[in-house]
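Coordinates in review
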Amino acid sequence: PYGRVWNFSAGPSVLPVSVLEEVQRDLLNYKGTGMSVMEMSHRSKTYDDIIEGAEATLRRVLKVPDNYAVIFLQGGGTGGFAASYLNLFACKAVRDKQRKLGRQLSCDYLVTGSWSKGGLKEAQRLGGRPNVVLDGVRATKTGAVSYHSLPPVSEWKLGKPEETAFVYYCENETIHGVETPSSLVVDAVDPSVPVICDMSSNMLSRPVDIKRFGAIIAGAQKNMGPAGVSLVIVRKDLLERDEAGVEAVRSIPSVLDWLYYASAGSMPHTPPTFAIYVCSLVFKWAEEQGLEALERLRQARSGLVYDMIDAHPEFYRGPVDRYYRSRMNVVFNLPTKELEAQFIAEAAKRSMIQLKGHRSVGGVRISLYNAMPLEGAQVFVEFMKEFYEANR
Ligand code: PMP
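Residues numbered from 1 in each chain as written. Predicted model: local features only at pLDDT ≥ 70, side-chain atom pairs only at ≥ 80, totals over all residues.

1. Let's talk about the overall build of the protein
Stated precisely, the cut-off is as follows: Elements are defined by DSSP. Helices are runs of H or I of four residues or more, strands are runs of E of two residues or more, and each kind is numbered from the N terminus. Three exposure classes are used. Buried residues have 20 or more other C-beta atoms within 10 Å of their own C-beta, exposed residues have 12 or fewer, and partly exposed residues fall in between, all C-beta atoms being placed from the backbone. Residue pairs qualify as contacts under a 7 Å threshold applied to their C-beta atoms, which are placed from the backbone.
Each helix and strand counted, the protein has twelve helices and 15 strands in total. Expressed along its principal axes, the backbone C-alpha trace of the protein runs to roughly 70 × 60 × 30 Å. Taking all 392 residues of the protein together, the buried fraction comes to 46%. Look at the contacts in the protein between residues 6 or more apart in sequence, and 72% of them connect residues 24 or more apart.

Set out below in structure tokens:
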């Protein structure tokens, strides 16, 4: 309907049509207020209901325990890289540990692709001395390096718990199509060390055991809503600060300070009102679907594409190790760059768009987020089959 295409963009990306219809219906006059949500004061009762509703729904969907704060803020996924580092190093528990040790704590980064590398670089930029637990770069046959897998846990170089402020990883690497199961990381880390996770591109695609995390950060523009808002779920004790922590926080700009947001219901200043409103509708939609159903759907959708890759591995070359294959972003190469360009161009003629791999890695990438129906993957796989027959 509406002449919409099969939108396989990595983000900003497809949203549920029913959500867009509701936005459209209420655009000019939101529930009798005589204005759109975009035009509304964030200090109005109507907006209070929207933002409180967004938080309440998300808490239900993800079963967020009461000892976790839910924050909506700006700065994108990238803002979360610096914020994770700064907020954790300001928290009382980390500072107590540091005092006991008598020197600065380290922090652990799992580098599984470009986005966790981004988190690592930000910690380095801020003057930290992060420890690289693992780096998923490995040589390929062509001599290029990429992220395709993780070394076994026995080879991870986790820091000693008493010397480590937190462990950081990105659960779904949007560019490299590498997804690391939560359990693998949280089971490997000493329970006294908070785990910080970037879930920008797989949030709400499956149930998450929130209590195993210190904090979760996520930009909204893949599975949750439009660009412009990001989400933080953080254990409240990690927002506690003593005198020295308060001193340390002087070096955190307010817009990166999670406590600043948590103590004012995400509204110490003007929030991205419209983006949060759209997210609130997506959260309701996700609640209706249920995370278990969304998980089954993500397995089914991506499974169709991986089956095709496995059926013709010489033609559709999936670089990612089976166990770490992303259920959100499936990446593959064709035998030549020319064939890849032809594949993408022919797909576009059939209204399947945004299939070009990230500019840093090339190849083909199909992003299959929550709002993509199974039919989208079926249509794509049908095309893969035909293209294979015609060009093998
Ligand atoms: N983390 C992940 C996993 C991402 O996919 C992205 C963006 N695609 C980011 C962080 C950065 O987000 P932003 O562009 O909102 O800063």
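2. Things to note about the site of the ligand
Defined as follows: Only the C-beta atom matters for nearness: placed from the backbone, it must lie within 6 Å of the molecule or strand for the residue to count as near. When residue character is reported, Ala, Val, Leu, Ile, Met, Phe, Trp, Tyr, Cys and Pro are called nonpolar, Asp, Glu, Lys and Arg charged, and the others, Gly included, polar.
Around the ligand, the surrounding shell consists of Gly-11, Gly-76, Gly-77, Thr-78, Trp-115, Cys-170, Thr-174, Asp-198, Ser-200, Ser-201 and Gly-219. Here the shell around the ligand gets three residues from one element, more than from any other, and that element is helix α3 (residues 76-90). Residue composition of the shell around the ligand, by class: two nonpolar, eight polar and one charged.

3. Structural notes on the pairing of strand β13 (residues 329-332)
For clarity, the cut-off: Any two strands with at least two DSSP bridges between them are considered paired.
Both faces of β13 are covered, namely the face carrying Asn-329 and Val-331 and the face carrying Val-330 and Phe-332. When β13 meets strand β15 (residues 364-367), the two strands line up antiparallel, connected through four bridges. Among the inter-strand pairings, Val-330 is bridged to a residue of β15, identified as Ile-366.

4. Quick word on helix α9 (residues 273-289)
The line we're drawing: Given the number of residues in a helix, its expected span is that number minus one, multiplied by 1.5 Å.
With 17 residues, α9 extends 25 Å between its outermost C-alpha atoms, agreeing within 8% with the 24 Å of an ideal straight helix rising 1.5 Å per residue. Most of α9 is tucked away: 13 of the 17 residues are buried. Among the residues trailing α9, Gly-290 stands out with phi positive, at a value near 90 degrees.

5. Thoughts on the sheet that holds strand β7 (residues 164-170)
Under the convention used in this document: Lines fitted to C-alpha atoms define the axes here, with helix axes fitted over just the stretch in contact, and angles between the N-to-C directions of these axes take values from 0 to 180 degrees.
Here we have seven strands laid out as an open sheet, ordered β2-β12-β11-β10-β7-β3-β4, and mixed in their pairing. In this open sheet, the two strands that pair with only one neighbour each are β2 (68-73) and β4 (131-135). Sheet twist, expressed as the mean angle between neighbouring strand axes with direction ignored, is 15 degrees. Two strands pair when backbone bridges link them, and β2 and strand β12 (residues 230-235) are joined in this way by six bridges, in the antiparallel orientation. Note on β12: the bridge partner recorded for Phe-72 is Leu-231.

6. Structural notes on the packing of helix α2 (residues 45-62) against α9
Selection criterion: Working rule for handedness: look at the near helix, and if it is turned counterclockwise from the far one by less than a right angle, call the crossing left-handed; if clockwise, right-handed.
Following both chains from N to C, one finds α2 and α9 inclined at 35 degrees, their axes separated by 9 Å at the closest point. Relative to α9, the crossing made by α2 is left-handed. Here Tyr-47, Ile-50, Ile-51, Gly-53, Ala-54, Thr-57, Leu-58, Arg-60 and Val-61 of α2 lie close against α9, whose contacting residues are Thr-273, Ile-276, Tyr-277, Cys-279, Ser-280, Phe-283, Lys-284, Ala-286 and Glu-287. When the residues that make up the contact of α2 with α9 are grouped by side-chain class, the tally is eleven nonpolar, four polar and three charged.

7. Observations regarding helix α5 (residues 114-125)
With twelve residues, α5 extends 16 Å from end C-alpha to end C-alpha; this agrees with the ideal 16 Å at 1.5 Å per step. In this fold, the buried residues of α5 make contact with α3, β3 (106-111), β4, β7, β8 (172-173) and β10 (195-198). Among the residues trailing α5, Gly-127 stands out with phi positive, at a value near 90 degrees.

8. Section: the packing of helix α1 (residues 17-25) against α9
Rule in force here: Each angle receives one of four descriptions, namely roughly parallel if under 35 degrees, roughly antiparallel if over 145, roughly perpendicular if within 65 to 115, and oblique otherwise.
The geometry of α1 relative to α9 is characterised by a closest axis approach of 10 Å and an angle of 140 degrees between their N-to-C directions. Viewed along their axes, α1 and α9 adopt a mutual orientation that is oblique. Crossing hand, α1 versus α9: right-handed. Taken together, the residues of α9 that come into contact with α1 (itself represented by Ser-18, Val-19, Glu-22 and Val-23) are Val-278, Leu-281, Val-282 and Trp-285. Tallied by class, the residues present in the contact of α1 with α9 amount to six nonpolar, one polar and one charged.

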